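Observations on chain architecture
Chain residues, written in single-letter form:
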Amino acid sequence: MLEPDARKRARPVLRGPRRSNAPGLPDWAADTLAELGANVHLAHPLGVKMFTYRRVKNDQRDAADLADLLRMGRLPEAWIAPPATRELRGWVRHRAKLVGVRSNLKCQVHAVLAGAGVQVPMSDLFSPGGQKLLTATRLAPESRARVDSLLRLITALDFEIDTYTKLVAGRLRTDPGYTAIQTIPGVGPLLGAVFVAEIGDVARFARPAQLASWAGLTPSHRESDTTVHRGRITKQGSRLVRWAAVEAVQRVPAHTRLGQRRDRVGERRGHNIGVVAAARDLVTLVFYGLRDHHIRCLHRCADGAITDAA
């Protein structure tokens, strides 16, 4: 029997940077290659996922397989947004993240009051009436310090959120598609900016169903012979577009077509499924609004109000 030090050990493999797991093509690299005259293609990660199942996986094999798919016209490609669209997306996404941070801070204020046994009678604690309640409530020094700190942070975030709201509104002031989709019930300036920034060039979608599928609002589909299984929505796509569509249809009145669709499907299959069904219809209206700069199924009444056409 060999001594422990004399046993044969596996030779260590020298490894360089793990380039195969590196992030996708940076925006600046795509712009630089395009300026140099290259025809840039961005492979969609879901479409080339089968590469991970090879027994031998390295950069050389990946590049050869991608080249073969491109030569055969079967390379699944992702859209490379132009610089102006990327900048607008950056503003919209940054504002959305700031709103998320502010919501978290507000929840912390509610948690401090709940821990102190303070009842909040109003629906909005941060309205003028809620501010009076926060000022008049007697709290322990530790709790008061936390509340004051959170309120200062919320005030600072309010300023930043308002700043980016004005920047986005100024950028989209003359955009006809942005103006058109705001005629959809439930879609205002903020949700409209999310649709315009995230969707970008709507002409890359041939029909509204493709836009709904890209937003992850279509059910999964598995078919074999004559057996078809449809499951939950895929949620593969822009999370912000999906959120904006769902948020918009939850605001629409019940007498509108979107509201009737939401309530009718909700009665049969549940509220959440009804909301998703109405969100798909709303994305269809967004598609035509961005493509045609008007939505024919919406008409203006005599009093100037925008309503759904029957």
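Scroll up for the structure.
What counts and what doesn't
- Residues numbered from 1 in each chain as written.
- Predicted model: local features only at pLDDT ≥ 70, side-chain atom pairs only at ≥ 80, totals over all residues.
- Heavy atoms only, no water.
- Helix = DSSP H or I, 4+ residues; strand = E, 2+ residues; numbered from the N terminus.
- Buried < 20%, exposed > 50% of the residue type's maximum accessible area, 1.4 Å probe, protein only.
- Contact = heavy atoms within 4.5 Å.
- Areas by Shrake-Rupley, 256 points an atom, 1.4 Å probe, with all protein chains shown as cover.
- Core = buried A, V, L, I, M, F, W, Y, C linked by side-chain atoms within 4.5 Å.
- Salt bridge = Lys/Arg side-chain N within 4 Å of Asp/Glu carboxyl O.
- Phe/Tyr/Trp six-rings, centres within 6.5 Å; stacked < 30°, edge-to-face > 60°.
- Lys NZ or Arg CZ within 6 Å of the ring centre and 35° of its normal.
- Expected span 1.5 Å × (residues − 1).
- Pairing = 2+ DSSP bridges.
- Axes fitted to C-alpha atoms, helices over the stretch in contact; angles between N-to-C directions.
- Parallel < 35°, antiparallel > 145°, perpendicular 65-115°, else oblique.
- Left-handed = near helix turned anticlockwise from the far one by under 90°.
- Nonpolar A, V, L, I, M, F, W, Y, C, P; charged D, E, K, R; others polar.

This part covers the overall build of the protein chain. Regarding its fold elements, the protein chain presents 11 helices and six strands. Residues classed as buried in the protein chain amount to 32% of the 310 residues present. A fraction of 56% describes how many contacts in the protein chain between residues 6 or more apart in sequence connect residues 24 or more apart. For the protein chain, the accessible area works out to roughly 20400 Å², and carbon and sulfur atoms hold 54% of it.

Here we come to the nonpolar core. Ranked by size, the top nonpolar core spans 41 residues in total, and within it I184, F195, I199, L282 and V286 carry the most contacts. Mapped by element, the contributors of at least two residues to this core are α3 (83-115), α6 (176-181), α7 (189-199), α8 (208-214), α9 (239-249) and α11 (271-292). Counting residues per element, this core draws most heavily on α11, which supplies 10 residues. Beyond its immediate sequence surroundings of up to four residues, I199 is in contact with W79, R89, R204, F205, L211, W214, V241, V286 and L290. Grouped together as the second largest cluster of nonpolar side chains are 17 residues, L105, L150, L157 and Y164 included.

For the rest of this paragraph, the subject is the pattern of salt bridges. Applying the stated criterion to the full structure yields 14 salt bridges. A salt bridge links D31 to R86; the nearest nitrogen and oxygen atoms lie 2.4 Å apart. Residue D31 is located in helix α1 (residues 27-35), and its partner R86 is located in helix α3; the two are separated by 55 residues in the primary sequence. Owing to a relative accessible area of 18%, R86 belongs among the buried residues under this scheme. What emerges from the salt-bridge pattern is a single network uniting R54, K57, D62 and D65.

What follows concerns the packing of aromatic side chains. Within this structure, the stated rule accounts for two aromatic pairs. Centre to centre, the rings of F205 and W214 are 5.6 Å apart; their planes meet at 55°, and the pair counts as tilted. With a centroid separation of 5.2 Å and 80° between ring planes, the pair formed by F287 and Y288 is classed as edge-to-face. With relative accessibility at 1%, the residue F287 sits in the buried group. Taking relative accessible area as the criterion, Y288 reaches 29% and is therefore assigned partly exposed. The ring of F51 carries R54 above its face, with NZ or CZ at 5.3 Å from the centroid. Its end group placed over the ring of W214, R204 keeps NZ or CZ at 5.1 Å from the ring centre.

With that settled, consider the side chain of E198. Inspection of the secondary structure puts E198 in helix α7. Overall, the relative accessible area of 3% leaves E198 in the buried class.

With that out of the way, let us pick up α11. For α11, with 22 residues, the first-to-last C-alpha span of 32 Å sits near the 32 Å given by 1.5 Å per residue. Taken from the residues just after α11, H293 is the one with a positive phi, measuring 65°.

We now examine the pairing of strand β3 (residues 219-224). In this structure, β3 lies alongside strand β4 (residues 227-233), joined through five bridges in antiparallel fashion. By the bridge assignment, P219 is partnered in β4 with I233. If you look at the hairpin formed by β3 and β4, you'll find two residues sitting between the two strands, and D225 has a positive phi there, around 60°.

This part covers the packing of α3 against helix α5 (residues 141-171). The interhelical angle for the contact between α3 and α5, taken along N-to-C directions, is 160°, at an axis separation of 9 Å. The orientation of α3 relative to α5 falls into the category roughly antiparallel. Remark: the crossing between α3 and α5 carries left-handed chirality. In terms of residue class, the contact of α3 with α5 is built from 19 nonpolar, four polar and eight charged.

Despite not being glycine, D225 has its phi angle at roughly 60°, a positive value. Locating D225 in the fold gives a position in the loop between β3 and β4. Its identity is not glycine, yet H293 carries a phi of approximately 65°, on the positive side. Take H293: it is sitting in the loop between α11 and β5 (298-300). Classification of H293 by relative accessible area gives partly exposed; the value is 43%.

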